[in-house]
Number of protein chains: 2
Amino acid sequence: MDYYRRSSVSTVPDAEPIKVGFIGLSYNKGWAVKTHYPAILQLSSQFEITALYSPQIENAISTIQKLKLTSATAFPTIESFASSSNVDMIVIAIQSSNNYSTIMPLIEYSHKNPNLKYLFLEWPMAATLDQAEEIYKVASLRGLQTIISLQGRKSPYVRRAKELISQGYLGDINSIEIMGNAGWYGYERMVKSPSYIFEMGNGSDMISTTFGHTIDILQYMTGSYFHRINSMIFNNIPLQELVDEHGNSLNEKVKKAVPDHLLFQGTLINGNVPVSCSIKGGRPVKKFTKNLVIDIHGTKGDIKLEGDAGFAEISNLVLYYSGTSSNDISLNNDSSATTGYDAGKEITEVYHLRNYNAVLGNIFRLYQSIADFHYNTKHLSNSPSKFIMQGFEFEGFPTFMDGLILERLIHTVYQSHFSSSVINVSQMSQY
Amino acid sequence: MDYYRRSSVSTVPDAEPIKVGFIGLSYNKGWAVKTHYPAILQLSSQFEITALYSPQIENAISTIQKLKLTSATAFPTIESFASSSNVDMIVIAIQSSNNYSTIMPLIEYSHKNPNLKYLFLEWPMAATLDQAEEIYKVASLRGLQTIISLQGRKSPYVRRAKELISQGYLGDINSIEIMGNAGWYGYERMVKSPSYIFEMGNGSDMISTTFGHTIDILQYMTGSYFHRINSMIFNNIPLQELVDEHGNSLNEKVKKAVPDHLLFQGTLINGNVPVSCSIKGGRPVKKFTKNLVIDIHGTKGDIKLEGDAGFAEISNLVLYYSGTSSNDISLNNDSSATTGYDAGKEITEVYHLRNYNAVLGNIFRLYQSIADFHYNTKHLSNSPSKFIMQGFEFEGFPTFMDGLILERLIHTVYQSHFSSSVINVSQMSQY
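Residues numbered from 1 in each chain as written. Chains lettered and ligands numbered in written order. Predicted model: local features only at pLDDT ≥ 70, side-chain atom pairs only at ≥ 80, totals over all residues. Heavy atoms only, no water.

(A) Layout of the overall build of chain A. A tally of helices and strands in chain A yields nine helices and 18 strands. Taking contacts inside chain A between residues at least 6 apart in sequence as the whole, the part at least 24 apart equals 74%. On chain A, roughly 17,100 Å² of surface is accessible, and the fraction owed to carbon and sulfur atoms is 49%. (Helix = DSSP H or I, 4+ residues; strand = E, 2+ residues; numbered from the N terminus. Contact = heavy atoms within 4.5 Å. Areas by Shrake-Rupley, 256 points an atom, 1.4 Å probe, with all protein chains shown as cover.)

Below, the structure is given as structure tokens:
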């Protein structure tokens, strides 16, 4: 099976679309209108926005009008929104520092909605690990199928890499190196950037977002969590220069409290593989290096993933593979294709979708997976009606548990830095 | 001044050549005959081999005959060799595990030779840090001008990079990444490789040699020692496959005790610069990456050094520079050339000497520096007659003190690994 191709079962369903209640969709700004909204629009047989909540009801009403959400109702309070039985799935895409104070009452009130099945949360989960643990717990107790937008797992390049690795085309992985430039944590700040992403304590910074998505992708591709890690965190650029949308200096410096560089190294549980990772703010002169490079080396082949932006989950990548076909490659199936007469032959693959819009595309594929899951459960008797975590499965989607495991790793990255020590994180995926 | 070009004062001297006594020169095997010997041969007005010591006198005699060392005497004991007043400089190029037991009596006996001025030792200095400290001490007390073969400092690419950095072409350095493949510590072992390099306790392994030379070069180029470091050391390949000189398997596995992978990360004292470093054994399929890559990023430009072999000190490299010329670049001199009308212009440089034999060339340049120093001291009244360390100077050559500082860092790399902690190494360069 080609795991990086879509499942064939997800056609237009012979059923009602999933009714989506949205917190954080605004017609004129933010992430949701650029990603979640067009994804839902393109999957209009599977999803339909039926409810919007905003603390300012007029914002919700304007968004309904401007986006012509003809089936949607604007709710003035979390209580009324959460209680509405016209919602199957709640999507939350707000500042992560507000997630906890929004979700806790939301889930409490949602007991009044017997139809609520899905809770879809934007990454990062919360401002602190404790909040994330509690969010996981209450959603779990409420019996919801959770989704966390670690959408890098849906990137076609990530899936192709995962497929090559799982089918043995790399042999034993023996070394991994990651380098990324996390643009907006560097020397310049776009004047229109929200200031909260440069302040500590919001749970959203270079470590949780740039590193978080990237390391989640790495674990997902290799099928292994980390064993031991060490990290060093830097704020070497305490003042950023404000620039306009054309990059011209406004001759004003503003304070930055969040990190602009992370050194991270560690070992994967599987194979004790050494992983070296350097993620930095800024976009230095880049003649020779891409802004994102993930090198995965194995005994039989190598993968390089490259991107123009240092954000693996929203960047259109290029995948390079080079390796030697061999009789010992254990393919899951279709083994005749690469064994036999051409064993020992060198194989090279360059995989790139020229017009792939990764910002939208990966979120779109996440919604596709939810639809696949939702409608399959009605037809396939042996499918579970709910699952706790995706783990490293090709199918499905990342859940709050997957998110929580990553939040724990990120928390430990800070711990390692502050304690100047190597930390064993091998128990992190226990629940 | 172009620091990467040779000093113009080193012409054929109007004086006797430096008389060299050699331990470890063998006409038919080893490192010295491929490097030190041809270097001395090409500098025959500056150096002349006058004495050889070997525990097997017949080896010394054969080497004198085969290499036609007409001025050389073979000595049967360290005592007689060290006592001979026909020697100005002793060169030692033997297994590093034998350095201590050779040098201690050598220096003791050398008091009988009033002409002895130079002691030139191959890297690594010794089997342990304690031995290295003591070797430094006795050589220092004996009043010798020491030389350690950290010859990467003489690589034209390293010097060009150092020049670009010191003249401000990178602006403030803000990130460094190093990746290397240390070929012979991988899955295969050439049947003719000496087995001691695969055993622990000899002081010569991937950490001391591959990493040691590379990190010395990095510190030298940037002009900064490290502040804090963390390391993780791996022996993931405990068995190597024996191969013949054509790379064909001999169907025999042999034990390897030394590391095959080092993860190292840390900060430079100057600028708190994050440095990420991954050095591994083996030569995996390499379509996309060179076996050595050193990326140095700065606010105004970037340098990439690439090599086909992971051993920076013996590999012919390519230097790429890309940056923006600017009025704030503080040139040491000749500032008119890059400021003024072309300020802000993008500059690119590719520096490569196609036929440069780096194995010999860097050692040759080390001998040139010794000759420059030796003959200059006779003409330039303000030159010191001896110096303790080169540090980060362009001129001169690395000494036992430079070597000792590096041995201390390497020792700490092991300490950091075994203690799972970040270690402050900022006091390491104190003497």
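More follows now that the structure is in view.
(B) Fine view of the relation of the copies chain A and chain B. Placing chain A over chain B gives an RMSD of 0.0 Å and needs a rotation angle of 180°, together with 0.0 Å of translation along the axis. Within this description, the copies of the chain are treated as partners about a two-fold rotation axis. Residue S421 of chain A of chain A places its C-alpha closer to the rotation axis than any other residue of that unit, at 2.1 Å. Residue by residue, 98% of the interface of chain A is reproduced at the interface of chain B, so both copies engage with the same surface. (Least-squares fit on C-alpha atoms with pLDDT ≥ 70 in both.)

(C) Geometry of unusual backbone geometry. The amide bond that connects W123 of chain A to the next residue, P124 of chain A, takes the cis arrangement and shows omega of 0°. Inspection of the secondary structure puts P124 of chain A in the loop between β5 (118–121) and α5 (129–141). The backbone of N272 of chain B sits at a positive phi, close to 55°, despite the residue not being glycine. Along the chain, N272 of chain B turns up in the loop between β12 (261–268) and β13 (274–281). Classification of N272 of chain B as partly exposed rests on a relative accessible area of 31%. Even without glycine at this site, S420 of chain B takes up a positive phi of about 50°. Relative to the helices and strands, S420 of chain B resides in the loop between α9 (400–419) and β18 (423–424). (Buried < 20%, exposed > 50% of the residue type's maximum accessible area, 1.4 Å probe, protein only.)

(D) Representation of the packing of helix α6 (residues 156–166) of chain B against helix α7 (residues 207–222) of chain B. Residues and elements named next belong to chain B. Across the interface, α6 lies against α7 with an axial gap of 8 Å and an inter-helix angle of 35°. When α6 is examined against α7, the residues V158, R159, A161, K162 and I165 are found in contact with a partner set consisting of I217, Y220 and M221. Of the residues that constitute the contact of α6 with α7, the class distribution is six nonpolar, no polar and two charged. (Axes fitted to C-alpha atoms, helices over the stretch in contact; angles between N-to-C directions. Nonpolar A, V, L, I, M, F, W, Y, C, P; charged D, E, K, R; others polar.)

(E) The nonpolar core, seen in detail. All names here are of chain B. In this structure, M125, L218, M221, F226, I296 and I303 are the most contacted members of the largest nonpolar core, which totals 88 residues. If you tally residues by element for this core, the top one is α9, at nine residues. Looking at which domains feed residues into this core, each of domain 1 (18–152 + 362–398) and domain 2 (156–312 + 317–352) gives three or more. Those residues in contact with I296 that sit more than four places away from it in its chain are I165, L170, I173, S175, I176, L218, M221, G301, D302 and I303. (Core = buried A, V, L, I, M, F, W, Y, C linked by side-chain atoms within 4.5 Å. Domains from an automatic or database assignment.)

(F) Representation of the sheet that holds strand β2 (residues 47–53) of chain B within the structure. All names here are of chain B. As summarised here, the arrangement of the six strands in space is β3-β2-β1-β4-β5-β6, forming an open sheet in which the pairing is parallel. Looking along the sheet, the strands with just one partner apiece sit at the ends: β3 (73–75) and β6 (145–148). Each neighbouring strand pair of the sheet contributes to a mean axis angle of 25°, computed without reference to strand direction. Looking at chain direction, strand β1 (residues 18–23) and strand β4 (residues 89–92) are connected through four bridges and run parallel. Looking at β4, one finds that F22 is bridged to V91. Seen against the sheet, α9 touches β5 (118–121) and β6 and runs at an angle of roughly 45° to β6. (Pairing = 2+ DSSP bridges.)

(G) Local environment of the sheet that holds strand β18 (residues 423–424) of chain A. Residue and element names in this part refer to chain A. Strand order in the open sheet formed by nine strands is β17-β16-β15-β14-β7-β13-β12-β9-β18, and the pairing between neighbours is mixed. A single partner strand is all that each edge strand has here, and the edge strands are β17 (346–351) and β18. When strand β7 (residues 173–182) meets strand β13 (residues 274–281), the two strands line up parallel, connected through seven bridges. Bridge assignment links G180 to a residue of β13, and that residue is I279. Where helix α6 (residues 156–166) meets the sheet, its contacts fall on β7, β14 (292–298), β15 (301–307), β16 (317–324) and β17, and the angle it forms with β16 comes to roughly 15°. Its contacts with the sheet put helix α9 (residues 400–419) on β9 (226–234), β12 (261–268) and β18, and the angle it makes with β9 is roughly 60°.

(H) The arrangement of helix α8 (residues 358–376) of chain A in detail. For α8 of chain A, spanning 19 residues, the distance from its first C-alpha to its last is 26 Å, which sits close to the expected 27 Å at 1.5 Å a residue. Between the side-chain oxygen of the N-cap and the backbone nitrogen of V359 of chain A there are 3.2 Å, and the N-cap of α8 of chain A in question is N357 of chain A. (Expected span 1.5 Å × (residues − 1). Polar contact = N/O pair within 3.5 Å; in protein donor to acceptor, adjacent residues only side chain to side chain.)

(I) Inspection of the pattern of salt bridges at higher detail. Residue and element names in this part refer to chain A. Following the criterion strictly, the structure yields 20 salt bridges over all chains and no others. Put simply, D260 and K256 hold a salt bridge, and the shortest N to O gap is 2.8 Å. Here the two residues D260 and K256 agree in accessibility, since each one is buried. We note a salt bridge from K304 to D295, for which the minimum N-O separation is 3.1 Å. (Salt bridge = Lys/Arg side-chain N within 4 Å of Asp/Glu carboxyl O.)

(J) Summary view of the packing of aromatic side chains. By the definition in use, this model includes 32 aromatic pairs over all chains. A ring pair is formed by F387 of chain A and F397 of chain A, whose centres lie 4.9 Å apart and whose planes are at 50°; its orientation type is tilted. Residue F387 of chain A is found in the loop between α8 and α9, and its partner F397 of chain A is found in the loop between α8 and α9; the two are separated by ten residues along the sequence. Each member of the pair, F387 of chain A as well as F397 of chain A, is classed as buried. Ring centres of F211 of chain B and F264 of chain B lie 4.8 Å apart, and the angle between their planes is 55°; this geometry places the pair in the tilted category. Of the two residues, F211 of chain B sits in helix α7 while F264 of chain B sits in strand β12, which places them 53 residues apart along the sequence. Accessibility classification places F211 of chain B together with F264 of chain B in one group, the buried group. The structure contains a cluster of three or more aromatic residues connected by ring pairs, namely Y118, F373, F387 and F397 of chain A. Positioned above the aromatic ring of Y220 of chain A is the side chain of K162 of chain A, whose terminal nitrogen or guanidinium carbon lies 4.5 Å from the ring centre. (Phe/Tyr/Trp six-rings, centres within 6.5 Å; stacked < 30°, edge-to-face > 60°. Lys NZ or Arg CZ within 6 Å of the ring centre and 35° of its normal.)

(K) Structural context of the interface of chain A and chain B. Opposite the 50 residues of chain A that make contact, chain B presents 49 residues. When chain A packs against chain B, the two sides together hide about 3,900 Å² of surface, and 59% of this comes from carbon and sulfur. Joining chain A to chain B, the criterion identifies two salt bridges. Its salt-bridge partner being E177 of chain A, residue K280 of chain B comes within 2.8 Å of it at the nearest N-O pair. For the pair chain A and chain B, the number of links is 17 residue pairs in polar contact (both at pLDDT 80 or more). Contributions of two or more residues to the side of chain A that touches chain B are made by β7, β9, β12, β13, β14, β15, β16 and β17 of chain A. (Buried area = accessible area lost by both parts, 1.4 Å probe.)

(L) Representation of the confidence of the model for chain A within the structure. For chain A, mean pLDDT is 90; residues scoring 70 or higher make up 89% of the total. Low pLDDT, under 50, characterises residues 327–340 of chain A; the predicted model gives this stretch 22 contacts beyond four residues in sequence or across chains. (pLDDT = per-residue confidence, 0-100.)

(M) Region of interest: α7 of chain B. Counted residue by residue, α7 of chain B has 16 buried out of 16 residues, so it is predominantly covered. One or two steps after α7 of chain B, the chain reaches G223 of chain B, where phi turns positive at roughly 70°.

(N) The environment of M179 of chain A, seen in detail. By the element assignment, M179 of chain A lies in strand β7. Placed 97 residues apart in sequence, M179 of chain A and S276 of chain A show a C-alpha to C-alpha distance of 8.5 Å. For M179 of chain A, the contacting residues outside a window of four places in its chain are S278, N291, L292 and V293 of chain A together with E177 and M179 of chain B.

(O) Local environment of the pairing of β2 of chain B. All names here are of chain B. The buried fraction of β2 is high, at six of seven residues. Relative to β2, β1 is paired through six bridges, and the arrangement is parallel. Within β2, the residue paired with V20 across the bridge is I49. Read as a crossover between parallel neighbours, the route from β1 over helix α1 (residues 36–42) to β2 is right-handed. (Right-handed = clockwise from strand over helix to strand, strands pointing away.)

(P) Structural context of the packing of α5 of chain A against α9 of chain A. Residue and element names in this part refer to chain A. One can describe the packing of α5 onto α9 by two numbers: an axis separation of 10 Å at closest approach and a directional angle of 165°. Here α9 runs roughly antiparallel to α5, going by the angle between their axes. Two packed elements cross with a definite hand, and for α5 against α9 that hand is left-handed. On α9, the residues touching L129, A132, E133, I135, Y136 and A139 of α5 are F400, M401, L404, E407, R408 and H411. Residue composition of the contact of α5 with α9, grouped by class: eight nonpolar, one polar and three charged. (Parallel < 35°, antiparallel > 145°, perpendicular 65-115°, else oblique. Left-handed = near helix turned anticlockwise from the far one by under 90°.)

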